[in-house]
Structures are given as structure tokens and as C-alpha cells.
Number of protein chains: 2
Amino acid sequence: MTDKKYVYFFGDGKADGVAGMKNLLGGKGANMAEMTTLGIPVPAGFTITTEVCTYFYEHDRKYPGALEKEVKEALGKVEEVMGARFGDPGNPLLISVRSGARISMPGMMDTVLNIGLNDEVIKGLIARTGNERFAYDVYRRFVNMYGDVVLGVGPRDEKEHNPFEEIMDRKKKECGVKLDNELTAEDLKDLVARFKALIKDRLKRDFPDDPMEQLWGAIHAVFNSWHIPRAIAYREINNIPGNWGTAVNVQSMVFGNMGDDCATGVAFTRDPATGENYFYGEYLINAQGEDVVAGIRTPQPLNRAKEVPEGVSTLEDEMPDQYRQLDEIRARLEEHYKEMQDIEFTIQQGKLWMLQTRTGKRTAASAVKIAVDMVNEKLIDKKTAIMRVDAEQLDQLLHPTLEPKAEKILIAKGLPASPGAGVGQVVFSAEEAEEWASDGKKVVLVRSETSPDDIRGMNVAEGILTSRGGMTSHAAVVARGMGKSCVAGCSEVNIVYKNEQFTAGDVIIKRGDWISIDGSKGEVYKGKVEKVVPELAGEFRTFMDLVDEFRTMGVRTNADTPHDSSVARDFGAEGIGLCRTEHMFFKGDRITAVHEMILSDDEEGRRKALAKILPMQREDFEGIFRAMDGFPVTIRTLDPPLHEFLPQTKPEIKELANSLGVELSELEQRIEALSEANPMLGLRGCRLGITHPEITEMQARAIFEAACVVAKEGKKVHPEIMIPLVSTTEELRKQKEIVCRAADEVMKEKGMEIDYLVGTMIELPRAALTADQIAGEAEFFSFGTNDLTQTTFGLSRDDAGKFLPMYVKEGILPRDPFVSIDEDGVGQLVKMGVEKGRSARKDLKIGICGEHGGDPSSVEFCYRVGLNYVSCSPYRVPIARLAAAQAAIRKEK
Amino acid sequence: MTDKKYVYFFGDGKADGVAGMKNLLGGKGANMAEMTTLGIPVPAGFTITTEVCTYFYEHDRKYPGALEKEVKEALGKVEEVMGARFGDPGNPLLISVRSGARISMPGMMDTVLNIGLNDEVIKGLIARTGNERFAYDVYRRFVNMYGDVVLGVGPRDEKEHNPFEEIMDRKKKECGVKLDNELTAEDLKDLVARFKALIKDRLKRDFPDDPMEQLWGAIHAVFNSWHIPRAIAYREINNIPGNWGTAVNVQSMVFGNMGDDCATGVAFTRDPATGENYFYGEYLINAQGEDVVAGIRTPQPLNRAKEVPEGVSTLEDEMPDQYRQLDEIRARLEEHYKEMQDIEFTIQQGKLWMLQTRTGKRTAASAVKIAVDMVNEKLIDKKTAIMRVDAEQLDQLLHPTLEPKAEKILIAKGLPASPGAGVGQVVFSAEEAEEWASDGKKVVLVRSETSPDDIRGMNVAEGILTSRGGMTSHAAVVARGMGKSCVAGCSEVNIVYKNEQFTAGDVIIKRGDWISIDGSKGEVYKGKVEKVVPELAGEFRTFMDLVDEFRTMGVRTNADTPHDSSVARDFGAEGIGLCRTEHMFFKGDRITAVHEMILSDDEEGRRKALAKILPMQREDFEGIFRAMDGFPVTIRTLDPPLHEFLPQTKPEIKELANSLGVELSELEQRIEALSEANPMLGLRGCRLGITHPEITEMQARAIFEAACVVAKEGKKVHPEIMIPLVSTTEELRKQKEIVCRAADEVMKEKGMEIDYLVGTMIELPRAALTADQIAGEAEFFSFGTNDLTQTTFGLSRDDAGKFLPMYVKEGILPRDPFVSIDEDGVGQLVKMGVEKGRSARKDLKIGICGEHGGDPSSVEFCYRVGLNYVSCSPYRVPIARLAAAQAAIRKEK
């Protein structure tokens, strides 16, 4: 083993690390080093690398031998720069220990502040600051936090309250005060003693007074916190690999809570919700950073760039010099990083210290606006702008918002913390949100504030409403990251957990009642408000135009109706990649004719029923052809097993028997005869068209009759008929023959020529394996990766729920293969299909129409293997367009 | 198009063709040419090639332009050689027109004899033969046959009798005679007139008198008959491609029915049933060839090589010169072809003519004996001998025979036409045989004689019993080809179709009654007689020893019990390739513990139930290890979905609820919760072992405990634990971990070391595609080609019955892919799995354990792609051994 460096120092304008070392130092550590080098005031400190974390978990939670020495040395440098010594009662240095992973996981892991205090050191702190009350406030916070985080003293079961909070509450009652800051130095000193007694009682040993023991305890706790459940849950939701590990940052404490010449705040260099280019942030006078984020006190705005409520002051008003310095730093950071930054600062006795800078999380709308603005500001080029927006995140912009014209009963107004509409039934806990959602209910999670433990519940909610906390509170940050609508700090909402209700003015909302929230306006409405479909407009449209400058792969849509076709076209779809004809079979009363067809004894009977269905299908196709004027429309012939069209429950069967005028027992027998052991692998797809050629014939007729009608109107029609579930060339040949015969007949009858293609789905392993043979008949391929994934894995999507989640959780599969294409297995077949197909037919047009067509990483894969287009649901078309452009740009590099 | 030759002449010692031209001239034509060149007396004639047949079907049943001229020229040469002219009333030549495909399809296609007769020509025939009765007998046969075969005059519906036969029967009644040969010349002349009148009445036109028109009509009819249903059915059963086509042989007639100095017969150069080396055949004095084959008169034996019933004469007795000449020809043909021949001959007024020689069909026993004998006689080498036996046909030798010691009630004795035991319920028609068999019943088909239309019914019967016909009758020949037991010419059996019964002595057997036949002895028993398993003995063992000299690939067996293991070992299995542990779960009362396990709420409950199952599984494994002493035993961990172990019907569920002491509704809910939409693709295979690790743990424990017990007895134990349905390396890794842990524990407890391997099934496309990754963990691979075929095709075996037969019939698939491996698709994955697997682990042991392991063509494929072994059911082990040896020999060439 070579000599690795485990500890990276930063302070006084010099740093061992740089911003590019995020994998090793984590985001926080790397940026702290970078800011230090830029000459920005950062309290000195050092970073313990992520490699130590990896070592820690691979060696039974032990450290590499060299670590202790390196920590000691770095601590010495910090003491030198800060002019104070750790554990020195004469001139004490206090330090913080924080996590810092490659990608920010806000609030998920542990933090310990104010380390280095004991009954001796406190004297020095009092002497140096001349502020006994402050010193004991810091001390009691330290013992509380260390006892909780490092020593694990907390509630012993679900019913118990936090024991530190209980002691605090009791103390306040004893003193007859309401707020923490009404307690005196003496009171706080007593609290320290009581906290230590609690710890001793619980652990049967004294609180550790040795500062070095405190430091190592804190480091250990932070490394341990990489593997606590809420951190694991966060990584799962955000697809962060568990083996990345976290770095640990050890840094000098600075205090925003030493008095009214102190403050602490968080800010974004632009508005993270809208993307507007102004300095956006919040601060609190005389507070520690945690107070801003935790949402316990509602903080004040940094400036008056946006309207400020009457009587509210700003940092610009109160500390103009420090504000100006901060604003300059803001400009330097954006200029340097060429990216919107999320920063944390503390002002200690008038001196500004920067504690964090990182790429700011933002809503999709904000991401798009910032990308477009930064191009206009010539800060970044177009390609960079395109790469800046997470394709998956665009989904937020495509989700419905509340119908502006709907009648609404406004019951409260809070902060517009995360845009979008949330309509659901009220629940008051994350657990309940999960339960109700798993029963298929839509819920809005209502909490006074949220905590990292609520992650899963937030993820399944339609929206989040909190009564406390600001725009940078936990609820707001997490909701924006998830693309959930959120109204935060809505103080008009008064939650009474034990009654399972909240009041807003004189309105009472109980658990299970419906509410609607508008995260863009911060408004809360009673009842269910209608939602509307979003539009491609403004910066979003500008951005998508930019995207299309670099996109080379086509994007189509999966649509079965004229309405869906129009929506998709508005979103930029360049044709239909999959029109499923079976959905049309259910519409209105045509299911009756479908039943007749299925239950006929012979071909003649089936033909009679099909003749009734033909004009209805033709009408559907006409609408779709009109909507897609000029673009190709890929229509798949009937795919699902016929028994899917038949009723399953006894009363439904009875009803059908009556309406058909047959005996119930006879009908039951017929249904039984049609049932299958494994319908996925049964009589479906082209197998239907081969055993019942008259179905394919009818469908082909309907397609070409519709094409003639619409072409006659002067529109351009390009039908592409797609045969599903082909496993042998001969199947395709036989079905193609039927389609071409029907096409010839119709075109002859109408005296018209329609350009059309006949191709096939590649959705079975055998089709991919023999794609060279199949391409002899197929004029195009479309990969049906849903079924291809099912057959390649031998995995029924309907049944996988029993074990697939566990597979992903335990790392047996890196991701759900139905969401992102499995490149190793299924992807290999896709690649093979493309190569073999083109070896037989050089310019074979190839697309994909499985749900993977709307998943960014799968779209990138499709681009890499050379598909001509992807096809996805209408609302994912912009996502696919962006992912395709990003894939092209990535390849150029 | 180059000038093709369509017509090949043969006659008078010269021939255009040779024996090697079977593809072009068909078997009959090629051999006729070969015999002519050898100087053997063959009536002159010519062959129209199979290419004309192909042309015929590709050009709307028209002929190539040059054909007519070539036929005319060849006919001229025939006339010259035979010294007679076609259609010449002065010196008439009569000809036959027969089919002749590449592979013999006995009786499947049409034949027309005696062509060239009309009311003028008949005079010449009478004058030249001086035998008016003969001439008119020929004439009435001709008109009958031509009317039936070429003009299509027959019964107009199912109830009608053959109209020619009806006229004949009426005539005999009018004349007061019983047999055809009692009719006078005048009677026969009248029959000719009546036949012609029937034809005119039916077709509204005269019988064609022009000999050339007759000739072309016959040629046309023979080409047409390539596509009649029974020919298509025969090709399906025998896997003969439909595009091979038939040749047509036009040949001078010779007559075995001109008087008592005439005869006709068929013979085999060795006994086709037993393989014994003596001249075996049958003949009839004064008859046409058809009379022997059709089984209407029971023919006489050629010689006294075998005991002959009293009063029966032989050809050797009656025509010693001709017999000697024939016996010489027999020797020459065997010497020339180095193969057992099936020959036809006719003696016309003392002159011997050969009409056919071809490789003789034989039973498996006969094939084996002839192969071994010919090696001993130094006629062929060992490799040739091995290639001479059809591996699939060996199946016959492995089927049970009647238990010799069973008490039997013998009711009749006939000819031992095809060996083996047939035990089933009596049916009297081929249609009924098909119906009953499709209901899962075992049937014996009882007919006075069989015809080519009965093929399908014969194919599904357990055995065939006929009351008429000899050892070369249709029933006998076809049954031997199919490996069905057959007792033929059993004249003691008196069938009364209309009563649906037969009598044998005073025993009455009705439709549906059980009988048992012994085809090796020609015996018929009343009731169900027990069957016994055959042994590898005598020539069969000698032959298999020969086979193993050339075999390089291993052969194992699929066996789940000690008994099956022993049987397989006796048949030469070199280990177990697949031991399915789930079958053991059903045995005796252990299913109760299995139910407990499945229905437990938690791991603890499951472990309790599994603890009960463990000792029972251990016991099974002990028996299997003992039986396989010295050989590897591959044990698959639990594979089927758990719901397969639960009852499905209401009463069964009720019973289970009672026995478990739970509410019926609760149990129903549990069963419902376990049910799956597509169980094939659900929670099964290693997914069970991953979600319920305790099951794998128990099974591994049972295996290693058993291994220790048996090893302690001094036996050699080599367990190979096989994890099913693996699709990712991680699945295998996790299961392997459990198995190895259990192995370590048990070996430590017992203080023993057991050599073992842990490997995986490759039965999902993804496993084959990622075989390089999987081989990192797997110590061996075994291809599960049943499931691999299901997933590669997306085809559920349970549901494919609705369309797979049609797929094979219509040529969408060349063969059922569950019988013979689909080389293009599934085979590609197998090849890939082998290559990728060995790229990661050079000497990876690879086998196959799907049912393909016992299919000769699949075994050949396995050899080609380099598998180490195949594994198949015990009774197919010798087949696999032979197929493996043949593959090795074929590769050498």
C-alpha cells in the first residue's frame, strides 16, 4: 500500500485540496478548500477523506494507522491560523465535525458542533468573550448534541419524548419563562449539569471531558451516520451508490449567536425556485446556522429585491457593510464556478465567515431559466447550458398545475417553497403518508416542520404543507429536489396532532379531508381543485429550442388517441412510435362487438363482429392521422390475449351471458377455455393474427381506409404497421402478406397511393438473436423493451413486486430494470438486434417504444447503440428530447 | 436457365442414373438405374426427376416445356428394349407409373398400373398371351385403378362404399361366386363395361381410350399425390421436408398374375424384425405385387429358414431355379450396397424380374443386430455400424415389454410383426384411436387390415392388431417404422365392426375392453398385463460398448429417486445432471410440513417446518448418492413457485384449513396472495432462496449431511449444487454463500471433507448473455433449455398447445422447439453461454439438463458447441450415448 494522504488542511488563504477533488474530499470539503484559496474568509479546518470512510466500513469500523497523526498535525495548523488552542482553558478553540459526501445529502448524516468544551475550558471561553450567558448557551447545546448524536441518548421507545427537550421544558417551567433565550447564564449552567447527569444515569459513565476524546467520538459518529436508515433511504431515492462514502470536515467554530452583532444565514446566488437573477437568502440575528435550516424561527430576507412584509428588516438594512461584502462574494463565486451557488455564512461580532458553497439545488423551472439566462449573460455556452438541466427533473415542468379558472376556497397562504399542484387527502405523519399511498390514495403531508426521517413519506405525497420554516427549511429544500409541490412556513395553519386536524382561520380540516396546494403561489385551498396540463412556453420553449439544435436522434410518442397525439405534438413529438390498437377496443359500446368476436365459434362469426368494429377503428385512426399530419404513425396490430377483453367476476360474466343470450355455464366454459397459465407467454401478439388472420385483415383495412380519408383532405399520412411479439421471420412474413393485401385492396378501391411500411416489434430475445433474418422482411424495427426485459430476465412485471424492490434494496440489481434499461443483459440484445438488423438491411429504421424511451439514461443508451428514434408517453417527450441532446453532446466530448 | 435433363432412362444393362442420385431420381428410380447397370434383370423404364415436381408446384401444376419430348424419346427406348410398343394392338407394351421420393414413403402416394389398355389393345394382349381371362383381369384392374386414382371416382360421402367394389360385389353375387378369381373372362369383360359406365355417369365423359392421355393422366396424378393429406401427415411424422418433391417412375409392366408359372413377392435380405441373417420374404403365386402388400391374401414364405406351418409351400420348393437366382441377387445386392435391402420381384412365365431394391426398414433390435453382425462379417467398419442405427429409434428397445412371469390369458396368436408390448383399450378405427388418445387413454388399434389413411391413429396407439396381412403388410411395415408393437395376420381374431367387438375363440372383446399384445411373439392377451423394464443385454450391450468407443461427450441422467438413479446407471448414465428436489416435497406426508412452511407468517415458523423436512430430504439424498457411487450428482435447489405446493380446489383447501386449524377464509386469502399472473416468470428458482434463505440453507444441510453419511460408508460422493433461474451474478453469489456456509458447518460437525461444486442453471436469456460475469461465481453451468426456450420465444409450454401444432404444420417453425433445440435462436444463446462462460473460467464444466438432452439432433448440437455432458431421463440415456458417438464420428468426417 502506498502512502495515502488522509487529511487535507485549509485555512488562511492556503488549502491542500481544490474544488475538483469532490470524490475524495466530498463537496463541502472540496469547496471549502477552493474558497480558501480564492481568498474568501473561511474558518480554518481540515477534511478527512472518503477513502477513510471506505476503509472504515471494510475494516470493521477501524481507521488506517496513519490517520491519528495526520489529524493531530492538521489540528496544530488550525490552532496556529486561528490563534487559539483546542482544549486550552486560556484561549480555547472550539470545533465542529460535519459530514460531506460527493453529492450533498442535506441533513441526512450527523453533525456535532462546539466540540472542545469542559468545565475548565468554559472558563476561558467566558474570559475571552466576556459573555457568560453565551458561553453556557454554547456549552448546553454541545452537551445536548453530543449526548444525542455521539452517545446515543434519546427516547427509549416510540412513546418517550426527547429527554434533553424534557429537561429543557421542565427548566423553563421552573423559571417561568417561555423561550430558550429568556434563560439566564445560571439557568444554562444548571442545564449543563442536568444534561450530564442524564447521560451518566443512562450510560453509567461520565460525560467525556477530554477534548480529543470528544473529537474522535464525533468523527466516529459522522462516519457511522453514512449507514443509518434515513441516509440509506435518501441514497436509494437519489440513486447514490452506497460505496461512495462520506468525508468528514473538522473546522473551527465561528458563532452567529454571540450577540446582536452576530448573525447566520443561508443564501442562493439566484432564486432557486424561479431562477430569477437576484441575491436570494435568509438570515437570523444572534443564532447558530441550525436555527435557520431547522425552521424553528422564521428567518428574515437578505435584501429587498422582492417585496418584504411590513415591519420585517433585512441584512442589507441592519449590517450594510457585511451585506456588501457578502454580495461581492456572491459575484465572485458565480464568476468562478459559473454556476448558481448555495452558500452558508456566519457573522461573528461583525466579521463575515463563509461556511459552505456548493452548486445550488433548484426547481426544474429555475434550472431552465438559469441555463437560458447564463447563456445570454455569456457565462456559459449552449452545450453547457443543456448539460446543466437534469432531464429527469424536467418532469416537474410537465406535471399539471391547479386550474386557474377553477372556483377555489383559499384557506391559508404560506411560502411558495416548491412549485406545482398538490391535491390529496390530509395526513399528519410520514408513516401514514406511506401507508395511504401504498393503498393507492393521494395524500398531502401536513407537518409543523419536516425532518430527515420523513423522507419516504414526502416522496410518496402529492404535496407538502408545513406551518413553520422558511424557503430553505428542510421541507422546502427536499421538496424542490423531489419536484413535489410544497407550501412552507404557513403560520396560519394550526396543527393539533392529537386531534388529527388543523385549523386555518375558522376552517377545520381533519385527517382524510381533501386539500389542494399551489406551491408556486404558496396557497392552500379547501377540497379538490381541478388540475390543468402545462404548456411549453417562455424560457422552457427557448431551452427546448436550444436542445433541438444539438439533438440528432428522433423523439416520437406512444399515443392511442387524437387528444394524446396533439398533446405530444405540442411537446415536440415527431410522430407516433406506438399506437396500441387494443385500447380502442374498450371504448364505448364497441366492447360488445369485441365480445361477440371473441366468443364466435367460427371465422364467419368473427368476421361479422369484426365488421362492426372496423368503422370505429377507422374513425380513431382518422383522428390520429390528422393530429400527426406530416409525421409517421406506427400502429401496432392487436397484442393482448383475447381473454383480457372478457369479464372476470361472476356478476360481470352473468351480465355478459344475458346480453349475448347464452347460458352462464357455457360462457364460463368458454372463458375458462381461453384462460392461460402464463398469459404473458401465451396466445397474444402476432400469434393472434396468425390463428385469426381476419383480425389483422380488419385492422389493416381500418388503417388504410382512414389513411385514404385523411390523405384526401390534403394531409400527409405515413402509416407504419407494426407486428408485435414476432419470434420467427415466418410469422412476420405471413402477417405482412395480410397487411399488404389489405393495403392493395383499399388503395385500389379508393384509387389512391399511400406510402406505408410494415415492420415489427423486437420484444423477444429470439427476435433480437435472429434480427438479421427478420430484417429480410421487416421495413423497420421497434424495440419493445418492456416485454424484452420480462423475457430476458424471466420476470413478470405483474409478479415482480414481491421481490424486485428487495433486489434493488440489496443491490442484486443496481436499478429497477423496468425503469432504466438493463444494459448488461437486455441492452446486449438491443445492440445485437441493431447490428444484425442493419447487417441485413443497411438503412433499417430502428426505434424503441418501451417505457424506457422516456428514461434519460435509457435514452442515452439508445443514442449510443444508434437508434433512429425513441418513443415515450406524451408528457415525457421533452425529457427524451433533452436526454437525446445531452447524449449527443456527451459523445462529442 | 441451363438445359436440364428431366428424364432418366434405364433398361437392358444401361442406365442414365446411378444409386447416388437419390435426391434427383428418388430412391426407387436411382436404385432401378443402379440394378440395371449391375446387370440385374429390371423391366425397362424411365424416371421423371424430382425437379419436375418442384417445377410443377411452383408453376401452378404445369410441366417444363421440354418434358413432353424427353418422355416420348425415353418411351421409344423402352419400346425398343422390351420389343413391344405402347398402344400397339399388335404387340402392346403396358406400363406402370409410380411415385418415388428421396426417402421411401410406402403406400402414401399414388400408383397406376397396366396403363396402355383400351378395347383395341386388349385384343393384342389376348393374342400375345393367349390368356383372355388374364387380359380382362388386367383390363378391369386398370379401369378400376385409373378411375379411382386418376379420375377421382370414389365414395361421394363418408357413408358410401367404394363404387367399384360395390359393382364387383354385385357381379359376384349375380354369378354366385365368392372370390374374384372365380369370375370368368366374360364376367371380367362385363365388369370393364360396367366400370366405364360408372365413370361416364359420374364424370359425364368417356373413359380415356388414348394410351398417351392415360400416361399423362397417371403422371399428373402421381405428382398431385405428393400433396394429399396422408402424404403430408406421413412427412410430418417423419420430418420429411415438403419441398423435396417426388420423382415419377414409368416402367414396363411385368405380370405375376399370368398363371401358375407366375409369382410376385417382397423380401428382405435379413430379418427386419430380429436382424437375423437369413433370406426373409413372402410371395404369392399368380398375383400382382399389390396383393402381397395389401394383406388381402396371406402370402407364403420364400424358404424354410424358419419353421413353416404344415401344408404351406415355399418359393424354394415350387420354383427352385428362380429362387436360386433370387438368392444370388440377394447376395450381390448386400455385397454391393453393404446394407440390408428390401426388394420386390415378379416372376412372369418363369422369368424373374426385379422391381425394387432399397435400404430395408427394420426394428431397432434388428438395426442393432445387423450393425453388429456386419462388423463381425467385415462388411462394414465400426463407425459405419454406429451411424447405421437411428438414435431416436433405440427408444423402441428401451420401452417396456410384457412381464414374462405375469399370469396371462392368451386369446389368439398371429404374426410377430413388430416387437414390444402394447397394453390398451380396444378401438376399431384410427379416428377413434386419435380421439381416445387425446383424452389421455391408452389404446390398441384393432383392424382387419390397415391402410395409409390410418397413419395418425396408428401413431398414437400403444399397439396394433390386424386379423389379415403378412409380415410385410401395411400394418407390419408401418408399425416397425414407428416402433409400435404389432401383431398382424391374426386370423383367429374375428372383427365385427358394426357390433364394435371382436371374438377370438369364445372370448368376446368389446370396444373399450383392455387387451395386451406381445409383438415379439405375435400373442394377444385378455386384460391388462404388467410390463417390465428392458435391459441392456446381448447385441444391444455389444453395440453400446461399440458406441462408447467413439463417444467423447458425457451422458448423465435426470433422476429424483434412488430407483431412477439405478435404472439410469444400468443404461450407462455417468452421473446425475439434474436431481429436482421439489418432487421429494410431495412424497408421503411431508407435504404437510411443506404446507406449514409455506403458510408460516415468519422466518421462525418456516424454520420450524423446514426442520421437519430436513431429515426426509437427507434420506432421499443418501439413497441417490449410494446409487451414484463414484459419479457426480447435481442437485438443484427448490425451483417451483410455492403456490404449486398448495391445494387449488375448494374441498382440498377446506381440508387443509381443518388440518392446520385456521379459518378457511384466511387460508384462501393466503393462497390468493401467493398466486401469480405469470408463475413461469414469478417468485421461483433462486428468487425463492433469496427471499427465503432458510430454504436453501435447509436443502444444503440435507445434502451435506447425506453426503457425509454415504461417504462414511466408503462410497465416493460428489455433490454438485445447482442454483436455478439465475439472471444476475449477485443472485448466485448470495445463494452460493449460503450453500458454502452450510457445507462448512456440516463438514466441521462431522469432521469430514466432501468435494463439492456450486454452479448454476443457465435457463434465462440474461444468464446466457452475461455468462462471463456469472462464470466468475459459478463452478459449473447446466443449460436448462426448457425454460430457456420458453423465455427466448416468449412461449409458455403450458399454453402453446393452442398454436404451436399449427405453427409446425404451417412451417412457421420447422420443428417443435421443446423437442429439438431451436439452433437459430435458443442455440445461439447456448453457444454464447459456452463461449462467454469459458472466456471467464477456462475449464468450466458445462452440461445441459433440459429435455433436449435426450433428443438426438439436440445432442449433436450440444456436442458441436462443446458441452461436457448431456443429461436426460433414464430411458433416453442409451439414445443420448449413441447420438453423442454419432456426432463425434460425423465431426471427424
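Basis of the calculations
- Residues numbered from 1 in each chain as written.
- Chains lettered and ligands numbered in written order.
- Predicted model: local features only at pLDDT ≥ 70, side-chain atom pairs only at ≥ 80, totals over all residues.
- Heavy atoms only, no water.
- Contact = heavy atoms within 4.5 Å.
- Buried area = accessible area lost by both parts, 1.4 Å probe.
- Salt bridge = Lys/Arg side-chain N within 4 Å of Asp/Glu carboxyl O.
- Polar contact = N/O pair within 3.5 Å; in protein donor to acceptor, adjacent residues only side chain to side chain.
- Nonpolar A, V, L, I, M, F, W, Y, C, P; charged D, E, K, R; others polar.
- Patch = residues over 30% accessible without salt bridge, like charges linked within 9 Å, V, L, I, M, F, W, Y side chains within 5 Å.
- Areas by Shrake-Rupley, 256 points an atom, 1.4 Å probe, with all protein chains shown as cover.
- Lys, Arg positive; Asp, Glu negative; His and termini not counted.
- Charge placed at Lys NZ, Arg CZ, Asp CG, Glu CD.
- Helix = DSSP H or I, 4+ residues; strand = E, 2+ residues; numbered from the N terminus.
- Pairing = 2+ DSSP bridges.
- Axes fitted to C-alpha atoms, helices over the stretch in contact; angles between N-to-C directions.
- Disulfide = S-S within 2.5 Å.
- Buried < 20%, exposed > 50% of the residue type's maximum accessible area, 1.4 Å probe, protein only.
- Least-squares fit on C-alpha atoms with pLDDT ≥ 70 in both.
- Left-handed = near helix turned anticlockwise from the far one by under 90°.
- 1 Å grid on protein atoms, 1.4 Å probe; cavity = no way out; pocket = protein on both sides within 12 Å on 5 of 7 lines; lining within 4 Å.
- Points joined across faces, edges and corners; volume = space filled by probe spheres on them.

Chain A puts 49 residues into the contact, and the matching count from chain B is 49 residues. In total, chain A and chain B occlude about 4,100 Å² of area from one another, counting both sides; carbon and sulfur atoms represent 58% of this. Along the contact surface separating chain A from chain B lie 4 salt bridges. Linking chain A with chain B are 34 residue pairs in polar contact (both at pLDDT 80 or more), by the criterion used here. Considering only residue class, the side of chain A that touches chain B consists of 21 nonpolar, 15 polar and 13 charged.

Further remarks concern a negative patch on the surface. Together, Asp157, Glu158, Glu431, Glu434, Glu435 and Asp439 of chain A line one region of the surface with negative charge. By the secondary structure assignment, Glu435 of chain A is in helix 15 (residues 430–438).

The next thing to look at is the sheet that holds strand 34 (residues 869–872) of chain B. What holds strands together in a sheet is hydrogen bonding between their backbones, with the strands either parallel or antiparallel. All names here are of chain B. The parallel closed barrel is built from 8 strands, whose spatial order is 27-28-29-30-31-32-33-34. On average, each strand axis in the sheet is tilted by 25° relative to the strand beside it, whichever way the strands run. Along the sheet, helix 33 (residues 826–840) makes contact with strand 32 (780–783) and strand 33 (845–848), crossing strand 32 at roughly 180°.

The next thing to look at is the pattern of salt bridges. By the definition in use, this model includes 145 salt bridges over all chains. Taken together, the shared-partner salt bridges in this structure form one network comprising Glu582, Arg636, Asp639, Arg684 and Asp787 of chain A.

What follows is about the state of the cysteines. All names here are of chain A. Within this structure, the stated rule accounts for 0 disulfides over all chains. No disulfide involves Cys862; its sulfur sits 10 Å from that of Cys872, the nearest cysteine. Taking the relative accessible area as the measure of exposure, Cys862 reaches 1% and is therefore buried.

Least-squares fitting of chain A to chain B yields an RMSD of 0.2 Å, with the transformation described by 0.0 Å of translation along the axis and a rotation of 180°. Within this description, the copies of the chain are treated as partners about a two-fold rotation axis. The fraction of interface residues of chain A whose copies in chain B are also interface residues reaches 100%, indicating that both copies meet through the same surface.

The next subject is the packing of helix 13 (residues 364–376) of chain B against helix 19 (residues 538–550) of chain B. Residues and elements named next belong to chain B. Where helix 13 contacts helix 19, the two axes come as close as 9 Å, and the packing angle between them is 65°. Where helix 13 crosses over helix 19, the handedness of that crossing is left-handed. For the pair formed by helix 13 and helix 19, the contact residues are Val368, Lys369, Ala371, Val372 and Asp373 on the first element and Glu539, Phe540, Thr542 and Phe543 on the second. Broken down by class, the residue content of the contact of helix 13 with helix 19 amounts to 5 nonpolar, 1 polar and 3 charged.

Next up on the list: the packing of helix 26 (residues 693–712) of chain A against helix 27 (residues 729–750) of chain A. Residue and element names in this part refer to chain A. Contact pair helix 26 / helix 27: the axes reach a minimum separation of 8 Å and the direction vectors enclose 40°. Considering the relative orientation of helix 26 and helix 27, their crossing is right-handed. Where helix 26 approaches helix 27, its residues Pro693, Thr696, Glu697, Ala700, Arg701, Phe704, Glu705, Cys708 and Lys712 are matched on the opposing element by Gln735, Ile738, Val739, Ala742, Ala743, Glu745, Val746, Glu749 and Lys750.

Residues and elements named next belong to chain B. On strand 32, burial covers both faces: Phe780 and Ser782 on one face and Phe781 and Phe783 on the other are all buried. By the bridge criterion, 3 bridges tie strand 31 (residues 757–762) to strand 32 in an arrangement that is parallel. Each residue of the ladder has a partner; that of Thr760, found in strand 32, is Phe781.

Next up on the list: the pairing of strand 7 (residues 111–115) of chain B. All names here are of chain B. A large share of strand 7 lies buried, amounting to 5 of its 5 residues. Across 3 bridges, strand 6 (residues 95–101) lies against strand 7 in antiparallel orientation. Bridge assignment links Val97 to a residue of strand 7, and that residue is Val112.

Okay, empty space enclosed by the protein next. Evaluated as defined, the whole model comprises 5 cavities of 30 Å³ or more. One number sums up the size of the largest cavity: a volume of about 50 Å³. Lys802 of chain A together with Pro641, Leu642, His643, Leu674, Glu676, Leu683 and Leu688 of chain B are the residues that line the largest cavity. In the lining of the largest cavity, the residues fall into 5 nonpolar, 1 polar and 2 charged.

With that settled, the discussion passes to the sheet that holds strand 12 (residues 341–348) of chain A. Residue and element names in this part refer to chain A. Ordered by their spatial adjacency, 5 strands build an open sheet running 11-10-9-12-13, and the pairing between neighbours is antiparallel. What marks the edges here is a single partner per strand, and that holds for strand 11 (300–301) and strand 13 (351–359). Both strand 9 (residues 263–268) and strand 10 (residues 280–285) contribute to a ladder of 6 bridges, which runs antiparallel. Looking at strand 10, one finds that Thr264 is bridged to Leu284.

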